[in-house]
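Single-letter residue listing:
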Amino acid sequence: MARIDRNNLGYLGADYQIRLMAQILTDRKFGNSIIDIVNPNYFEDETLRIIVGAIKDAKSVDDIIPDISSLEFRLLEDVKDNIPRKYILTQIRKIKDADLNDSIKVQDMGMRFCKQQELIKSVNEIQRIINKGNIEDFEECEKILRKALDHGDSKDDGINVFHDIGKVLEEDFRDPIATGINGLDEIMDGGLAKTELGVILAALGVGKTTCVTKMANSALNNGKNVIQIFFEDNPKVIQQKHLSCWSKYDLNDLMLHKDELLDMTDEMEKSLTGRLLLKKFPSDSTTVPIIKQYIRRQIAQGFRPDIIFIDYVDCIQPSRHYDDVNVGEGMIMRQIETMLTELNLAGWVCTQGNRSAITSEIVDTHQMGGSIKKAQIGHFIMSLARTLDQKDTKKANVAILKSRFGRDGLIFTDVLFDNAKVNIDLSENSLGNTRTEHKKIVEANDQKRVNEVFETMQNRKALLSANSEEIK
């Protein structure tokens, strides 16, 4: 049996080497962590060696990992001969089309291989020091070994508390992305910023999709790149909701204004600086790594999103099996939070309330279905609740359950919530009420109803008494 040469990546196959290159170019964090220890000679194909060398040069000179398109023109600028250019274009095309599935495994194998090579080099260097027999050089051996073991680890040592303090004191240091919901943006100090995770909690049928569609539409109108992910709705239904956002027409009336809407959307598509992608995933097999790979693919193709919406998180499957379902749900939320940080995104997710949330006038965090981790990890949590009477009058109750950057514990009752026109407005309810204030209002209303019932009973009793006297 022939011995496998594990001194280069050839033993993992040509397809793996292409996939590894795609991971380096589409995952900024991974690319920066591995590029210093990737040797072009680890790749079998000569053209791939040239490509790796170009990436390392870009990192050394400009301190960046170039995207695939900029890497292509960097390479073609340096290579003038037609045949090498043809080979480069072929390999670049393969990298662009590479399957980003199973990215964690691809990255882990690549990192382990490169760290192993660095360790082999350090052991050989240490052996040479030992052979010299100079005991004063033994401390150098420890430094060499430690450096080899540290390769690929995070270089983030934190920041000085006084670092760039002027930026911290600026009003817009978070650079938030507005939700477009009057009253809510004021509470959130402008909206949700990148790397922050917002959670919308509601029972089934309340209007989670309406809420995220309103937010996604507003982000697009403000020039942001947006991805709206969903699992259960038809993409055309989501498109209709966006049309209602823009036109203010009821969903059921859109077809009556077809020509007008076609003209409007044609002009909007030309004038809007951002883009909005609608993406439906299957609810029985989608994991956070799959969503992350999809976003990376968009970035590799030149579309870098600013914010994503996931409707809803309960449809996402854990990337590995857990005996405890709640542990799996907590891991999903943690993976989403990590993804937002790595890809520099703002993110909203919807989650279902439990059974008690269906009949509640105000939904609280203890009514969140599944793992409490969903509440612990979120930076901002709001809940939606609607009684049958409120659905008839296009009203809803909104509670701000958690906020790491603003005031929480506020309750807005009977706010405008029009599913048909995808319109939500909290501003009509002034500044909302605290839980204590809301409790007093509820108690006062309950007492008012009791008094009204008692008064009705007294009036009925008096009427019966008067009728009885007349009969006599």
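Further up the page is the structure itself.
Residues numbered from 1 in each chain as written. Predicted model: local features only at pLDDT ≥ 70, side-chain atom pairs only at ≥ 80, totals over all residues. Heavy atoms only, no water.

Summing up its helical and strand segments, the protein chain has 18 helices and ten strands in all. A burial count over the protein chain gives 44% of its 472 residues as buried. Total accessible area computed for the protein chain in this model is approximately 26200 Å², and 50% of it derives from carbon and sulfur atoms. (Helix = DSSP H or I, 4+ residues; strand = E, 2+ residues; numbered from the N terminus. Buried < 20%, exposed > 50% of the residue type's maximum accessible area, 1.4 Å probe, protein only. Areas by Shrake-Rupley, 256 points an atom, 1.4 Å probe, with all protein chains shown as cover.)

Our next topic: unusual backbone geometry. The amide bond that connects Asp311 to the next residue, Tyr312, takes the cis arrangement and shows omega of 10°. Residue placement: Tyr312 occurs in the loop between β4 (307-311) and α14 (325-343). Even without being glycine, Thr195 reaches a positive phi, approximately 75°. Looking at the element boundaries, Thr195 is found in the loop between α9 (184-187) and β1 (197-202). Residue class for Thr195 comes out partly exposed when judged on its relative accessible area of 29%. Located in the positive-phi region is Asp414, a residue other than glycine, with phi close to 55°. Relative to the helices and strands, Asp414 is located in strand β8 (residues 410-418).

Time to look at the packing of helix α10 (residues 208-221) against helix α11 (residues 235-247). Where α10 contacts α11, the two axes come as close as 10 Å, and the packing angle between them is 60°. With respect to α11, the axis of α10 lies oblique. Of the two elements, α10 crosses α11, and the hand of that crossing is right-handed. Only Ile238, Lys241, His242, Cys245 and Trp246 of α11 make contact with α10, whose side of the interface consists of Thr209, Thr210, Thr213, Lys214, Ala216, Asn217, Leu220 and Asn221. Looking at the contact of α10 with α11 residue by residue, the classes come out as five nonpolar, six polar and two charged. (Axes fitted to C-alpha atoms, helices over the stretch in contact; angles between N-to-C directions. Parallel < 35°, antiparallel > 145°, perpendicular 65-115°, else oblique. Left-handed = near helix turned anticlockwise from the far one by under 90°. Contact = heavy atoms within 4.5 Å. Nonpolar A, V, L, I, M, F, W, Y, C, P; charged D, E, K, R; others polar.)

Take the packing of helix α4 (residues 68-78) against helix α5 (residues 82-96) next. At a closest axis distance of 11 Å, the pairing of α4 and α5 adopts a crossing angle of 170°. What the angle tells us is that α4 and α5 run roughly antiparallel. Here Ile68, Leu71, Glu72, Leu75 and Leu76 of α4 lie close against α5, whose contacting residues are Arg85, Ile88, Leu89, Ile92, Ile95 and Lys96. Grouping the constituent residues of the contact of α4 with α5 by class yields eight nonpolar, no polar and three charged.

This paragraph deals with α5. Its 15 residues give α5 an end-to-end C-alpha distance of 21 Å, which sits within 8% of 21 Å, the value for a rise of 1.5 Å per residue. Every buried residue belonging to α5 is among Ile88, Gln91, Ile92 and Ile95, and all of these are buried. Projected onto a plane normal to the axis of α5, the buried residues spread over an arc of 105° and lie on a single side. For α5, exposure combined with an orientation more than 90 degrees from the buried face picks out Asn82, Ile83 and Lys86. In the core, the buried residues of α5 are packed alongside α1 (14-26), α3 (46-62) and α4. (Expected span 1.5 Å × (residues − 1). Arc of directions from axis to C-beta.)

A few words on the pattern of salt bridges. Taken as a whole and judged by the stated rule, the model has 15 salt bridges. Arg112 serves as the salt-bridge partner of Asp108, at 3.0 Å between the closest nitrogen and oxygen. One end of the pair, Asp108, and the other, Arg112, are both in helix α6 (residues 103-132), four residues apart, so they sit about a helical turn from each other. A relative accessible area of 46% means that Arg112 is categorised as partly exposed. Here Lys394 makes a salt bridge to Asp418, at a shortest N to O gap of 3.8 Å. Placement of Lys394 in the loop between α17 (388-393) and β7 (395-403) and of Asp418 in strand β8 is noted, with a sequence separation of 24 residues between them. By relative accessible area, Asp418 is classed as buried at 7%. Through salt bridges with shared partners, one network takes in Asp15, Arg19 and Asp99. (Salt bridge = Lys/Arg side-chain N within 4 Å of Asp/Glu carboxyl O.)

Moving on, we get to a nonpolar patch on the surface. A cluster of nonpolar residues, Leu119, Val123 and Leu145, forms a patch on the protein surface that exposes about 200 Å² of accessible area. When you line up the elements, Leu119 lands in helix α6. Among the residues examined, Leu119 registers a relative accessible area of 31% and is labelled partly exposed. (Patch = residues over 30% accessible without salt bridge, like charges linked within 9 Å, V, L, I, M, F, W, Y side chains within 5 Å.)

Moving on, we get to the packing of aromatic side chains. In total, this model carries six aromatic pairs according to the counting rule given. Ring plane angle 40° and centroid distance 6.5 Å describe the contact between Phe231 and Phe281, whose orientation is recorded as tilted. With a gap of 50 residues between them, Phe231 in the loop between β2 (226-230) and α11 and Phe281 in the loop between β3 (276-280) and α13 (288-300) connect regions that are remote in the sequence. Of the two residues, Phe231 and Phe281, both sit in the buried class. Aromatic pair Phe380 and Phe405: ring centres 5.9 Å apart, planes at 15°, arrangement stacked. With Phe380 in strand β6 (residues 380-385) and Phe405 in the loop between β7 and β8, the pair connects residues that are 25 residues apart, well separated along the chain. A relative accessible area of 0% means that Phe380 is categorised as buried. On the basis of relative accessible area, Phe405 is assigned to the buried category, the value being 16%. One aromatic cluster in this structure is built from Tyr11, Tyr42 and Phe113. The cationic tip of Lys208 hangs over the ring face of Tyr312; the distance from NZ or CZ to the ring centre is 5.7 Å. Between the NZ or CZ atom of Lys279 and the centre of the ring of Phe281, over which it lies, the distance is 5.1 Å. (Phe/Tyr/Trp six-rings, centres within 6.5 Å; stacked < 30°, edge-to-face > 60°. Lys NZ or Arg CZ within 6 Å of the ring centre and 35° of its normal.)

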